[in-house]
Protein chains: 2
Amino acid sequence: MPTIRDVAQHAGVSMKSVSRVLNGEAHVRPQLRDRVMAAVEALDFRPNLAARQLAGHKSFIIAYPFNNPSAAYITEILMGAARTCRDHGYHLVSEPVELDDQMLPVIERLITTLRPDGMILTPPLCDMPAVVEHVARFKVPLVRIAGGLDLYGESIVIDDRTISRAMVAHLMEKGHRRIGFVLPHPEHALAQRRFRGYLDGLAEAGIEPEPALIQPGRFDLESGAQAAAALLDLPLPPTAIFASNDDMALGALRVAHSRGLSVPDDLAIAGFDDSPASRLAYPALTTVRQPTQLLGAAAATILLGGALDPAAIKHELLIRGSTAKLAG
Amino acid sequence: MPTIRDVAQHAGVSMKSVSRVLNGEAHVRPQLRDRVMAAVEALDFRPNLAARQLAGHKSFIIAYPFNNPSAAYITEILMGAARTCRDHGYHLVSEPVELDDQMLPVIERLITTLRPDGMILTPPLCDMPAVVEHVARFKVPLVRIAGGLDLYGESIVIDDRTISRAMVAHLMEKGHRRIGFVLPHPEHALAQRRFRGYLDGLAEAGIEPEPALIQPGRFDLESGAQAAAALLDLPLPPTAIFASNDDMALGALRVAHSRGLSVPDDLAIAGFDDSPASRLAYPALTTVRQPTQLLGAAAATILLGGALDPAAIKHELLIRGSTAKLAG
DNA sequence: TTGAAAGCGCTAACAC
DNA sequence: GTGTTAGCGCTTTCAA
């Protein structure tokens, strides 16, 4: 493997000049630049990351420790962020983290051995004060995605509230007046936002929220099924159920199926997330698509010093079979 | 941040001794070892990866470039491999790769800048000769998971064939004699194995395979739905459909639902992979669980020079609602 | 079993 | 604008 020294000799310039060209520094005459590039090509030179890291006190690494809320979410974030990193000569190092007593040590090891130039955190890690403070202590630039706003680091927040309201409006359009809601896992920062959106939607139609129509959830199929069962057992059951994520909506769908209710004829069901399973279900679930890859890309962009267009980060309502019929 | 030099001074030994202790080299007197460790503790010393890489010509990095067949699969491999890496002081760097003209350059950049000590490849990348040969050219130790056997690198193969046969046997036990099969994507190395298992299962019961009952598939919901439609349109349709992955089985489930067929009463459906959606479907899909995390861990173990117990890598039949009824 | 010296391949700081 | 020098923090080699 050729080194910078070889390139410098081949081009008849100093090592520093080669370094300058390679790093795109200013004040380099085009002529010298060309000579260096020619030598780089000729020798098929590849800079050694380790040497750059050591000498330059930069790692060219963004770390993404994650705890697995959903495989689809993780990979989308990963892909968005990794691609952005790659375009800037950076690398993304992702590392699974358990929510046990090894959590902090693992993150600490990630920071102290890799010395990443930045870090991305998603729920639930991004909302755990112990984790965020740990990162803050090492002064690693941090971007938190979809978390609360009151901790160290930049936040990328998405407007769950507005889109939740839009979903309720969609159900209203379909003629639904009694809309059950399955709450998000209470420990997620987005819980408030999605619930508020539901209330907004009702308010917009001049409908009073009804406590019995609002059921707790924990983001898993089981809790969705339980909530749906409770809703359908009501003396006056809802004609539509809006679950605040897809897994819970699929739980509701399962209950409907097992009770012989036809979806969407007897009951409309809507979810949130556009999970792969929501597409594969029968009927396919009406849901909300989050621009997850974009979120990952945006996080990386921020860390790499780029500008971000917050307007680009928009939810999208995906109307599918599970809410395709008019109520009544 | 303290350096080895600081630790050496603090302990009153040479830098080399500290290095020896840290790397667990032999020929170190316990007494010296203890003194060094005490200094490490006292100073909260963390070795700098970049410096170790540069001086030691080792990167402590395993690379995992992947193309996204399924998010669940990717994250499981990732988690298994990353955890093993971590336990050995290594890091896993994963990188999404598109199947376009950037594919080879991206992989090359991954190799030449990171200089990984090993690489893991999963389908479809692990079966693409261009990719594997590229890796071979750089002499990066490679482990391929679930691929063919005729390329550079170690292979971790799993016995799809035996478990496919077991699935057919299960359906036979339920009284099914006409079992439709939806073939895997033909470009995957596992295609032959899963199909053979189906044939084995029939042969075991003394049943001749019937060409009309064997439909092509491409691993996506659409192709599964098409195959199921074709099977159900047969003059003598099957009473069970075994799709060679879950997405296609869910396509079959969708067709059954939309035709008003009850699953499993009118039609049994089985899949392969234990995807999240297979658990969330109604009825839940009978399927095959692959020990995906173990595969990732095994791949890392091999690269890190560990021994592997091939017997540990076993499929598991998951009997769920979609095949719960006796045929007839 | 331990230590001293040299150097991994690059960039920072400074001089010119 | 370009070159020179001196390291970055560790491991290797070789000597003791």
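Residues numbered from 1 in each chain as written. Chains lettered and ligands numbered in written order. Predicted model: local features only at pLDDT ≥ 70, side-chain atom pairs only at ≥ 80, totals over all residues. Heavy atoms only, no water.

## Some remarks on the sheet that holds strand 5 (residues 154–156) of chain A
Residue and element names in this part refer to chain A. Operational definition: DSSP bridges decide pairing: two strands pair if at least two such bridges lie between them. The way it works is that DSSP assigns letters per residue, a run of H or I at least four long becomes a helix, a run of E at least two long becomes a strand, and they are numbered from the N terminus. Axes here mean lines fitted to C-alpha atoms, for a helix over just the part in contact, with angles spanning 0 to 180 degrees between N-to-C directions.
A sheet is described by the order of its strands in space; here five strands give the open sequence 2-1-3-4-5, paired in parallel fashion. In this open sheet, the two strands that pair with only one neighbour each are strand 2 (91–96) and strand 5. Going from strand to strand, the sheet's axes swing by 20° on average, the running direction of each strand aside. Pairing between strand 3 (residues 118–121) and strand 4 (residues 142–145): three bridges, direction parallel.

## Re the pattern of salt bridges
Side-chain pairs of opposite charge can arise where the charged atoms are in close proximity. Convention followed: By definition here, a salt bridge exists when the distance from a side-chain nitrogen of Lys or Arg to a carboxyl oxygen of Asp or Glu is within 4 Å. Buried means the residue's accessible area, taken with a 1.4 Å probe over protein chains only, is under 20% of the maximum for its type, while exposed means over 50%, and partly exposed covers the values in between.
Overall, the coordinates contain 31 salt bridges over all chains when judged by the stated rule. Residues Lys325(A) and Asp265(A) are paired through a salt bridge, measuring 2.9 Å at the closest nitrogen-oxygen approach. Taken together, the residues span a long stretch of sequence, with Lys325(A) in the segment after strand 11 (316–318) and Asp265(A) in the loop between helix 11 (246–258) and strand 9 (268–270) at a distance of 60 residues. The exposure class assigned to Lys325(A) is partly exposed, which follows from its relative accessible area of 41%. Residue Asp265(A) is classed as partly exposed on the basis of its relative accessible area of 46%. The salt bridge involving Asp274(B) is made with Arg279(B); its shortest N-O contact spans 3.2 Å. On the accessibility criterion, Asp274(B) (12% relative accessible area) is buried.

## Some points on unusual backbone geometry
Residues and elements named next belong to chain B. The step from Val-263 to Pro-264 runs through a cis peptide bond, and the omega angle for that step is 10°. Mapped onto the elements, Pro-264 comes out in the loop between helix 11 (246–258) and strand 9 (268–270). Here the amide bond leading from Tyr-282 into Pro-283 is cis, since omega sits at -5°, within 30 degrees of zero. Along the polypeptide, Pro-283 turns up in the loop between helix 12 (276–280) and strand 10 (287–289). Positive phi, close to 55°, is recorded for Asp-274, a residue that is not glycine. If you trace the backbone, Asp-274 turns up in the loop between strand 9 and helix 12.

## Overview of the UniProt feature "domain: HTH lacI-type" (unreviewed entry) in chain A
Condition: UniProt positions are given in the numbering used here, feature names are shortened, and annotations may be inferred rather than shown by experiment.
In the numbering used here, UniProt assigns the feature "domain: HTH lacI-type" (unreviewed entry) to residues 2–56 of chain A. Between the C-alpha atoms that bound residues 2–56 of chain A there is a distance of 20 Å. The span itself is 69% helix and 0% strand.

## Considering the interface of chain A and chain B
Where we set the bar: What makes two residues a contact is simply this: any of their non-hydrogen atoms within 4.5 Å. Here the quantity called buried area is the total loss of accessible area, with a 1.4 Å probe, experienced by two parts when brought into contact, counted for both. The definition of a polar contact used here is a pair of N or O atoms within 3.5 Å, where within protein one atom must be able to donate a hydrogen and the other to accept one, and adjacent residues in sequence count solely through side-chain atom pairs. The nonpolar class holds Ala, Val, Leu, Ile, Met, Phe, Trp, Tyr, Cys and Pro. Asp, Glu, Lys and Arg form the charged class, and all remaining residues, Gly among them, are polar.
Counting residues at the interface gives 50 residues for chain A and 49 residues for chain B. Each partner contributes to the roughly 4500 Å² buried at the junction of chain A and chain B, and carbon and sulfur atoms together form 59% of this total. For the chain A face of the interface with chain B, the top three residues by lost area are Arg86(A), Leu280(A) and Tyr282(A), together amounting to 15%. Our enumeration of links across chain A and chain B arrives at six salt bridges. Salt-bridge contacts for Arg46(B) lead to Glu108(A); the nearest nitrogen and oxygen are separated by 2.3 Å. Our count for the chain A to chain B interface comes out at 20 residue pairs in polar contact (both at pLDDT 80 or more). Elements that contribute at least two residues to the side of chain A that touches chain B include exactly helix 4 (49–56), helix 5 (71–87), strand 2, helix 6 (103–114), helix 11 and helix 12 (276–280) of chain A. Sort the elements by how many residues they give to the side of chain A that touches chain B and helix 5 of chain A lands first, with nine residues. In terms of residue class, the side of chain A that touches chain B is built from 28 nonpolar, 11 polar and 11 charged.

## As for the domain arrangement of chain A
Going by this rule: How far each domain reaches was decided by an automatic or database domain assignment.
The domain architecture assigned to chain A consists of domain 1 (4–47), domain 2 (55–158 + 293–312) and domain 3 (160–290). Computed over C-alpha atoms, the centres of domain 1 of chain A and domain 3 of chain A are 60 Å apart.

## Section: the relation of the copies chain A and chain B
Defined as follows: When the copies are superposed, the least-squares fit takes in the C-alpha atoms of residues with a pLDDT of at least 70 in both.
Of the two same-sequence chains, chain A is brought onto chain B (RMSD 0.1 Å, axial shift 0.0 Å) by a rotation of 180°. Accordingly, the operation relating the two chain copies is best matched by a two-fold axis. Taken together, the interface assignments show that 98% of the residues at the interface of chain A recur at the interface of chain B, consistent with an identical surface on both copies.

## A few points about the protein's contact with DNA strand C
Counted only if it meets this: Near is defined per residue: the residue qualifies when any heavy atom it owns lies within 4 Å of the molecule or strand.
Looking at DNA strand C, there are 25 residues lining it, with Ile4(A), Ser19(A), Ser17(B), Arg20(B) and His27(B) nearest. A breakdown of the atoms of DNA strand C within 4 Å of the protein gives sugar and phosphate a share of 63%. Within the side chain of Lys16(A), a nitrogen or oxygen atom sits 3.3 Å from a base nitrogen of DNA strand C. Residue assignment for the surface near DNA strand C shows that the elements contributing at least two residues are helix 2 (15–22) and helix 4 of chain A together with helix 2 (15–22) and helix 4 (49–56) of chain B. The dominant element in the surface near DNA strand C, judged by the number of residues it contributes, is helix 4 of chain A, at four residues. Of the residues contributing to the surface near DNA strand C, the split by class is 11 nonpolar, nine polar and five charged.

## So, the packing of helix 5 of chain A against helix 13 (residues 292–303) of chain A
What describes two packed helices is the angle between their axes and the distance between those same axes. All names here are of chain A. How we decide: Roughly parallel refers to an angle under 35 degrees, roughly antiparallel to one over 145, roughly perpendicular to one between 65 and 115, and oblique to any angle outside these ranges. Crossing handedness is defined as follows: a turn of the near helix away from the far one that is anticlockwise and smaller than a right angle gives a left-handed crossing, while the clockwise case is right-handed.
Here helix 5 crosses helix 13 at 40°, and the two axes come no closer than 7 Å. Looking at the two axes, helix 5 sits oblique to helix 13. Helix-helix and strand crossings are classified by hand; for helix 5 and helix 13 the assignment is right-handed. Across the interface between the two elements, Tyr-73, Glu-76, Ile-77, Met-79, Gly-80, Ala-81, Arg-83, Thr-84 and Cys-85 from helix 5 touch Thr-292, Gln-293, Leu-295, Gly-296, Ala-297, Ala-300 and Thr-301 from helix 13. Its residues placed into classes, the contact of helix 5 with helix 13 shows eight nonpolar, six polar and two charged.

## With respect to the packing of aromatic side chains
Residue and element names in this part refer to chain A. Selection criterion: Stacked, edge-to-face and tilted are the three classes for Phe, Tyr and Trp ring pairs, Trp counted by its six-membered ring, which pair at centre distances within 6.5 Å; planes under 30 degrees apart are stacked, over 60 edge-to-face, the rest tilted. To sit over a ring, a charge needs its Lys NZ or Arg CZ within 6 Å of the ring centre and within 35 degrees of the ring normal.
Tallying each qualifying case throughout the model produces 12 aromatic pairs over all chains. Summarising the aromatic geometry, the rings of Phe-181 and Phe-242 are spaced 5.3 Å apart at their centres and angled 75° between planes, so their arrangement reads as edge-to-face. Placement of the pair is Phe-181 in strand 6 (residues 179–182) and Phe-242 in strand 8 (residues 240–243), with a sequence separation of 61 residues. Three or more aromatic residues link up through ring pairs in this structure, and these residues are Phe-181, Phe-195, Tyr-198 and Phe-242. Note that Arg-52 overlies the ring of Phe-60, its terminal NZ or CZ placed 4.3 Å from the centroid.

## Structural notes on helix 5 (residues 71–87) of chain B
For an α-helix, 3.6 residues make a turn, and residues three or four places apart therefore share a direction. Residue and element names in this part refer to chain B. This is how the line gets drawn: For a helix, the expected span equals 1.5 Å multiplied by the number of residues minus one.
With 17 residues, helix 5 ought to run about 24 Å at 1.5 Å a step, and its terminal C-alpha atoms sit 24 Å apart, in line with that. Where burial is concerned, most of helix 5 is hidden: 14 out of the 17 residues are buried. Downstream of helix 5 by one or two residues, Gly-89 has phi in the positive range, about 75°.

## Brief notes about the protein's contact with DNA strand D
As a structural note, the neighbourhood of DNA strand D is formed by 26 residues, with Ser17(A), Arg20(A), Ile4(B), Lys16(B) and Ser19(B) the closest of them. At the protein interface, 59% of the atoms of DNA strand D within 4 Å belong to sugar or phosphate. The side chain of His27(A) places a nitrogen or oxygen atom 3.0 Å from a phosphate oxygen of DNA strand D. Here a phosphate oxygen of DNA strand D and a backbone polar atom of Asn48(B) are 3.1 Å apart. Those elements that place two or more of their residues in the surface near DNA strand D are helix 2 and helix 4 of chain A together with helix 2 and helix 4 of chain B. For the surface near DNA strand D, the element with the most residues is helix 4 of chain B, which contributes four residues.

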